[in-house]
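In case you want the letters, here they are:
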Amino acid sequence: MNKSAQQPDTEQADTEQGNSLIELSGITRVYGKGDATVYALRGIDLRINDGEFVAVMGASGSGKSTCMNIMGCLDTSSSGSYFFKGVDVGKLSRNQRALLRRNYLGFVFQGYNLLHRTSALENVELPLMYRGISPAKRRLQAMQALEIVGLKGRESHSPGELSGGQQQRVAIARAIVSEPAVLLADEPTGNLDSEYSHEIMQLLTRFNREQKITIIMITHEQDMAEYADRIIKFADGAVESDIKNGVLNNTNNQITDIEREDINSKQQRSIS
Ligand code: ADP
Ligand code: MG
């Protein structure tokens, strides 16, 4: 990654409303072609500031994961622009995007995505290994991360020896061990019962408040979304509503009823 990408120009991105971390403009994502074309995202305009805790909701298939994968540099858009900390992600090479992921982003998934025949400690050490951190140092940092998520004493357990809630804690420790600017979580409590879900949400809230990690979390559950201070709802590959601290967020273009009619009719036509 070049220097400007390593040290993004936050000054340029500063505004009265806070430090812009993520700016999506007119993002579309089209899968397949011909009869099989799917318009997963139809033009997303979204700005997320440093330190926000955002919940993303919406029906299954509305484009939430597609959008998160683009924000997480796991996928690229078909059109539109994405700036991360003032850096134009569309202009980065595949390797530069991988570096951006490694240096700034942490991921948590519904299915935990842990390595199975590997201890909790080694799972958490993995991102540090990719970063080239020495064995002694990464062991120490991984131990500390596991302690923070309440798993001290379980370091040598493999995922199979841990409950779902504990496995998700390992995944969270793995995501935060490299001190990311942003934590992207795709239905992190989707496989957990209510008690474990609330524990995970309390953990995420703590990281947001105390370590100022920006959190973007997809969830189906209203009571989980309420831990966030901003709730963005997706419908048909577009932002349907965006509410921050109970107030309509006007920094982004809202989808109007007329636009929705248009989208729906286009979708009907693309299906039929
Ligand atoms: P959500 O996370 O809101 O459930 P997704 O972002 O996963 O929705 O999917 C949005 C739309 O894009 C859906 O219609 C889905 O079937 C489609 N889609 C997602 N990934 C692919 C893919 N790799 N190939 C084709 N279509 C896809
Ligand atoms: Mg999804």
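What counts, and at which threshold
- Residues numbered from 1 in each chain as written.
- Chains lettered and ligands numbered in written order.
- Predicted model: local features only at pLDDT ≥ 70, side-chain atom pairs only at ≥ 80, totals over all residues.
- Pairing = 2+ DSSP bridges.
- Helix = DSSP H or I, 4+ residues; strand = E, 2+ residues; numbered from the N terminus.
- Contact = placed C-beta atoms within 7 Å.
- Axes fitted to C-alpha atoms, helices over the stretch in contact; angles between N-to-C directions.
- Parallel < 35°, antiparallel > 145°, perpendicular 65-115°, else oblique.
- Left-handed = near helix turned anticlockwise from the far one by under 90°.
- Nonpolar A, V, L, I, M, F, W, Y, C, P; charged D, E, K, R; others polar.
- Near = placed C-beta within 6 Å.

K.L.:
How do you make sense of the sheet that holds strand E11 (residues 238-244) when you look at a structure like this?
P.N.:
Sheets are built from strands that pair by backbone hydrogen bonding, the pairs being arranged parallel or antiparallel. Strand order in the open sheet made by the seven strands is E7-E8-E9-E4-E10-E11-E12, with mixed pairing throughout. Strand pairing shows two members of the sheet lacking a second neighbour, strand E7 (105-109) and strand E12 (247-248), which therefore form its edges. Of the pairings in the sheet, the one linking strand E10 (residues 230-235) to E11 comprises six bridges and is antiparallel in character. The residue of E11 that forms the bridge with Ile231 is Ile243. Together, E7 and strand E8 (182-186) form the strand contacts of helix H7 (residues 164-176), whose direction differs from that of E7 by roughly 170°. In the packing of helix H8 (residues 194-210) onto the sheet, the strands contacted are strand E4 (53-58), E8 and strand E9 (214-218), and the crossing angle to E9 comes to about 150°.

K.L.:
Mind showing me how you'd approach the packing of H7 against H8 here?
P.N.:
The geometry of a pair of packed helices is captured by two quantities: the angle between their axes and the separation between those axes. The N-to-C vectors of H7 and H8 enclose an angle of 15°; their axes lie 10 Å apart at closest approach. Between H7 and H8, the angle is such that the two are roughly parallel. Here H7 runs over H8; the crossing is right-handed. In this structure, H7 uses Gly164, Gly165, Gln168, Ile172 and Ile176 to contact H8, whose residues at the interface are Tyr196, Glu199, Ile200, Leu203 and Phe207. For the contact of H7 with H8, the class distribution of residues is six nonpolar, three polar and one charged.

K.L.:
Any chance you could explain the site of ligand 1 here in plain terms?
P.N.:
By nearness alone, every residue bordering ligand 1 is listed as Tyr31, Gly32, Val38, Ala40, Gly58, Ser60, Gly61, Ser62, Gly63, Lys64, Ser65 and Thr66. Residue contributions to the shell around ligand 1 peak at three residues, all from helix H3 (residues 64-71). Among the residues forming the shell around ligand 1, the class breakdown is three nonpolar, eight polar and one charged.

By themselves, these observations are geometric and do not establish any function.
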